[in-house]
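Topology and contacts: notes
These are the residues of each chain, in order.
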Amino acid sequence: MTENCIFCKIAAGEIPSAVLFEDEDFRVILDVGPAAKGHMLVLPKQHFANLYEMPDELAGKAFILAKKMARKMKKALNCDGINVLQNNGEAAGQTVFHFHIHLIPRYRNDMLKIGWKPGELTQSDKAELLKKFEEE
Ligand code: AMP
Ligand code: ZN
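Presented here is a report on the structure given in the accompanying data block.

Reading the values: the criteria
- Residues numbered from 1 in each chain as written.
- Chains lettered and ligands numbered in written order.
- Predicted model: local features only at pLDDT ≥ 70, side-chain atom pairs only at ≥ 80, totals over all residues.
- Heavy atoms only, no water.
- Helix = DSSP H or I, 4+ residues; strand = E, 2+ residues; numbered from the N terminus.
- Buried < 20%, exposed > 50% of the residue type's maximum accessible area, 1.4 Å probe, protein only.
- Pairing = 2+ DSSP bridges.
- Axes fitted to C-alpha atoms, helices over the stretch in contact; angles between N-to-C directions.
- Contact = heavy atoms within 4.5 Å.
- Near = heavy atom within 4 Å.
- Polar contact = N/O pair within 3.5 Å; in protein donor to acceptor, adjacent residues only side chain to side chain.
- Areas by Shrake-Rupley, 256 points an atom, 1.4 Å probe, with all protein chains shown as cover.
- Core = buried A, V, L, I, M, F, W, Y, C linked by side-chain atoms within 4.5 Å.

This brings us to unusual backbone geometry. Positive phi values are uncommon outside glycine, yet Asn-78 reaches one of about 55 degrees. Structurally, the position occupied by Asn-78 is in the loop between α2 (56-77) and β4 (81-85). What makes Asn-78 exposed here is its relative accessible area of 60%. The phi torsion at Met-111 lies on the positive side, around 65 degrees, for a residue other than glycine. One can find Met-111 in the loop between β5 (101-106) and α3 (123-135).

Here it is in structure tokens:
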């Protein structure tokens, strides 16, 4: 447990939350500031600040659980779609620095805005990026 981490406290049951699912590694809770009704968060019980810090096995389990909850969400809410989001770093919109996966139910014409204006993959960007990732 990392001191002063709200999700550590929620995962440990020290701060109340609406728990939809729990196992030895994770809690799935309802987001208190939902983008849409039913917005949930998958939280590991152990503290890792972001995806980069997550051990491979736990990261795998987290996304498998997100899939399981997505299927439950679809059935329970009869939503038309689901956004699965995972923010890393302030620049990416992360506000709680304890890894979590968002699941947001979507409905046709719900007007919720999660998106971007498509740019263009130029030939020079493509060449530069292929080279950068080849070097890794
Ligand atoms: P992110 O911006 O990806 O770090 O997402 C953090 C999310 O945590 C936001 O959607 C908040 O609404 C949510 N959140 C913050 N505090 C709580 C809390 N005590 N219980 C449930 N969700 C929370
Ligand atoms: Zn934490």
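Past the structure itself, the notes keep going.
Turning our attention to the sheet that holds β5. Taken in spatial order, the five strands line up as β1-β2-β3-β5-β4 in an open sheet, and their pairing is antiparallel. Strand pairing shows two members of the sheet lacking a second neighbour, β1 (19-22) and β4, which therefore form its edges. If you compare each strand with its neighbour and ignore which way they point, the axes differ by 20 degrees on average. Most of the contacts of α2 go to β5, to which it runs at about 20 degrees, and overall it touches β1, β2 (26-30), β3 (40-44), β4 and β5.

This paragraph deals with the site of ligand 1. In the vicinity of ligand 1 lie 16 residues, with Asp-31, Gly-93, Thr-95, His-100 and His-102 positioned nearest. In this structure, an oxygen atom belonging to ligand 1 sits 2.5 Å away from a side-chain N or O atom of Asp-31. Taking Gly-93, its main chain carries an N or O atom lying 2.8 Å from an oxygen atom of ligand 1. Taken by itself ligand 1 offers 500 Å² of open surface, and the protein chains cover 82% of this. The leading source of residues in the shell around ligand 1 is helix α1 (residues 6-11), at three residues.

Let's shift gears to the nonpolar core. Nonpolar side chains tend toward joint burial in soluble globular proteins. Val-28, Val-42, Met-54, Leu-65, Met-69, Ile-101 and Leu-103 are the most contacted members of the largest nonpolar core, which totals 19 residues. When residues of this core are traced back to their parent elements, those giving at least two are β2, β3, α2 and β5. With sequence-adjacent residues up to four places away left out, Leu-103 is seen in contact with Gly-38, His-39, Met-40, Val-42, Ala-66, Met-69, Ala-70, Met-73, Ile-82, Asn-83 and Val-84.

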